[in-house]
Each structure stands twice: as C-alpha cells, then as structure tokens.
Amino acid sequence: MDSCRPAARVDLPRIAGLARELHDELVALRGGEIWAAQDARPEPLEESFGVLLDDPDADVRVGLIDEVVVGFGVLILETLSTGERLGRVTELFVEPPARAIGVGEGIADELVRFAADHHCIGVDALALPGHRETKNFFEDQGFTARALVMHRSLRPDS
C-alpha cells in the first residue's frame with residue numbers, strides 16, 4: 001500500500017462510490033438485506049460521510065495506491081454503560097483489485113490506533129455470515145468473535 005491518511009472533503013465523492021460498492025457486495029450475502037436496512041449509511045452518502053469528518057468521535061480513513069483512493073474505513077467511538085469506550089468499525093472496504101496487498105490492513109491499523117488513542121477497551125467489527133474473506137481478514141488483524149446475532153425472518157416469502 002502506498003499510504004493511508006485521514007479522509008478529506010475532496011475524498012467524499014470517492015468514498016460514496018466505494019460505499020455503494022460495499023452495499024452491493026454485502027446486500028447479496030446472507031444477512032445483507034437486514035444489514036442494508038439497519039446499518040448501511042443513508043443517502044445522500046456524501047453528506048452522511050461528510051458529517052463524520054466533523055465528528056470528534058469518528059475516524060474516517062482512506063487507503064491509496066499511487067495517490068488514488070482504493071479503499072476507506074470508518075470507526076465510531078461509543079460510550080458503554082460502564083462509562084468505558086468501545087471503537088466500532090462501521091465500514092471497511094477495499095476495491096477487489098486492491099485487496100490482499102496491504103490496503104485494508106493499513107486502514108484497519110489506523111482505525112485501531114485511533115481507538116487506542118481514545119482509551120477504548122476494544123474494537124468491534126461486523127462480518128456477515130458466510131463472508132469468509134471478511135472474517136479471515138479481521139482474524140488476521142487480531143479480532144476474535146465475541147457475539148453471534150441470530151435472526152428469524154417473519155416475512156411471508158421466507
């Protein structure tokens with residue numbers, strides 16, 4: 001990877017485009033439809049991500065190759081009922097051709113560093129069931145599963 005840096009306003013159109021790619025990739029997976037309805041950022045995406053750039057409890061990073069943004073990640077700081085803080089990776093996406101060459105790892109490292117700098121007790125990230133590439137990526141970064149969300153659809157067509 002060439003570099004990872006904090007996102008800037010000039011990056012918002014590219015981040016929005018990558019977020020749409022993330023959406024398309026995840027919505028096709030088991031659990032993706034509920035993820036899209038519950039956790040995906042709302043349109044207009046440039047505005048949604050722009051708000052995060054001004055939020056001191058958020059870190060938005062971009063990963064670059066030859067100065068071209070090929071990935072992005074977002075970490076949000078949350079305060080737990082104990083008063084402790086937890087970092088939550090809400091998005092981490094790298095274009096498929098730029099995967100497995102260190103871009104995602106660089107972004108993840110910076111997001112975890114942000115959480116550590118803000119005295120978080122840990123960092124959570126979501127991997128949908130069956131998305132083994134994501135699960136393996138996070139395990140390689142030192143993450144372990146701590147919860148499993150079970151779902152029972154009540155839709156008549158399921």
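Remember, predicted model here, so these are calculated numbers, not experimental data. Each chain carries its own residue numbering, running from 1 in the direction its sequence is written. Predicted model: local features are reported for residues with pLDDT of at least 70 only, side-chain atom pairs are reported and counted for 80 or more only, and whole-chain, interface and lining totals are derived from all residues. By convention in this description, side-chain values take in all heavy atoms of the structure and omit both hydrogens and water.

Novice: Explanation requested: the overall build of the protein chain in the structure shown.
Specialist: Along the backbone of the protein chain there are five helices and five strands. By definition, any uninterrupted DSSP run of H or I lasting at least four residues is a helix, any uninterrupted run of E lasting at least two residues is a strand, and each is numbered from the N terminus. The N-to-C order of helical and strand elements in the protein chain reads β-α-α-α-β-β-β-α-β-α. It is over C-alpha atoms that the radius of gyration is taken, and the globule rule equals 2.2 Å times the number of residues to the power 0.38. Relative to the compact-globule value of 15 Å for 158 residues, the protein chain shows a C-alpha radius of gyration of 16 Å, a close match. C-alpha extents for the protein chain along the principal axes are approximately 50 × 40 × 30 Å. Using a 1.4 Å probe on the protein chains alone, a residue whose accessible area is under 20% of its type maximum counts as buried, one over 50% counts as exposed, and one in between counts as partly exposed. Every one of the 158 residues in the protein chain was classed for burial, and the buried ones make up 39%. Here a residue-residue contact requires only that any non-hydrogen atoms of the pair lie within 4.5 Å. Across the protein chain, the fraction of contacts at a sequence separation of at least 24, relative to all contacts at a separation of at least 6, is 64%. The accessible surface values rely on the Shrake-Rupley method and a 1.4 Å probe; as for residues, cover is taken only from the protein chains in view. Counting only carbon and sulfur atoms, one obtains 53% of the accessible surface of the protein chain, whose full area is about 9400 Å². Only four residue types enter the charge count: Lys and Arg as positive, Asp and Glu as negative, with His and the chain ends excluded. One atom stands in for each charge, and that atom is NZ of Lys, CZ of Arg, CG of Asp or CD of Glu. Charge separation in the protein chain, taken as the distance between the mean sites of 16 positive and 29 negative side-chain charges, equals 5 Å.

Novice: Looking at this structure, how should I read the sheet that holds strand β4 (residues 85–94)?
Specialist: Backbone-to-backbone hydrogen bonds pair the strands of a sheet. The strands run either parallel or antiparallel. Pairing between strands is defined by DSSP: at least two bridges between them are needed. Spatial ordering of the open sheet is given by β1-β2-β3-β4-β5, a layout of five strands whose pairing is mixed. Strands at the two margins of the open sheet, each flanked by one partner only, are β1 (3–6) and β5 (120–125). Strand-to-strand twist of the sheet, defined as the mean angle between neighbouring strand axes without regard to direction, takes the value 25 degrees. Of the strand pairs in this sheet, β1 and strand β2 (residues 58–65) are connected by four bridges, and their pairing is antiparallel. Each residue of the ladder has a partner; that of serine 3, found in β2, is leucine 64. Under this scheme, a helix contributes an axis fitted over its contacting stretch, all axes are lines through C-alpha atoms, and angles between N-to-C directions fall in the 0 to 180 degree range. Contacts from helix α1 (residues 12–27) reach β2, β3 (68–79) and β4, with the element oriented near 80 degrees to β3.

Novice: Looking at this structure, I do not really get the pairing of β4. What am I missing?
Specialist: Most of β4 sits out of view: eight of its 10 residues are buried. Relative to β4, β3 runs antiparallel, the two being bridged by nine bridges. Looking at the pairing, leucine 77 lines up with glycine 87 of β4. Counting the residues that bridge the hairpin from β3 to β4 gives five residues, and of these glycine 83 lies at a positive phi of roughly 95 degrees. You can see the chain leave β4, run along helix α4 (residues 103–117) and come back into β5, and the turn it takes is right-handed. Clockwise travel from the first strand over the helix to the second, with the strands pointing away from the viewer, marks a crossover as right-handed.

Novice: Hey, could you run me through the side chain of aspartate 124 in this one?
Specialist: Tracing the sequence through the fold places aspartate 124 in strand β5. Counting of polar contacts relies on pairs of N or O atoms within 3.5 Å, with two restrictions inside protein: one atom must be capable of donating a hydrogen and the other of accepting it, and residues adjacent in sequence are counted only when both atoms are side-chain atoms. A distance of 2.5 Å separates a polar atom in the side chain of aspartate 124 from a polar atom in the side chain of arginine 146. Every residue in contact with aspartate 124, bar those within four places of it in the chain, is listed here: Leu86, Gly87, Arg88, Val89, Phe143 and Arg146.

Novice: Explanation requested: α1 in the structure shown.
Specialist: Note that an α-helix has 3.6 residues per turn; residues three or four places apart therefore point the same way. A helix is expected to reach a length of 1.5 Å times the quantity of its residues less one. With 16 residues, α1 extends 22 Å from end C-alpha to end C-alpha; this agrees with the ideal 22 Å at 1.5 Å per step. All of the buried residues in α1 are Leu12, Ile15, Ala16, Leu18, Ala19, Leu22 and Leu26. Looking down the long axis of α1, one finds its buried residues gathered within 165 degrees of arc, a one-sided arrangement. Packed against the buried residues of α1 are α2 (32–38), α3 (45–53), β2, β3 and β4. It is the directions from the helix axis to the C-beta atoms whose arc is reported.

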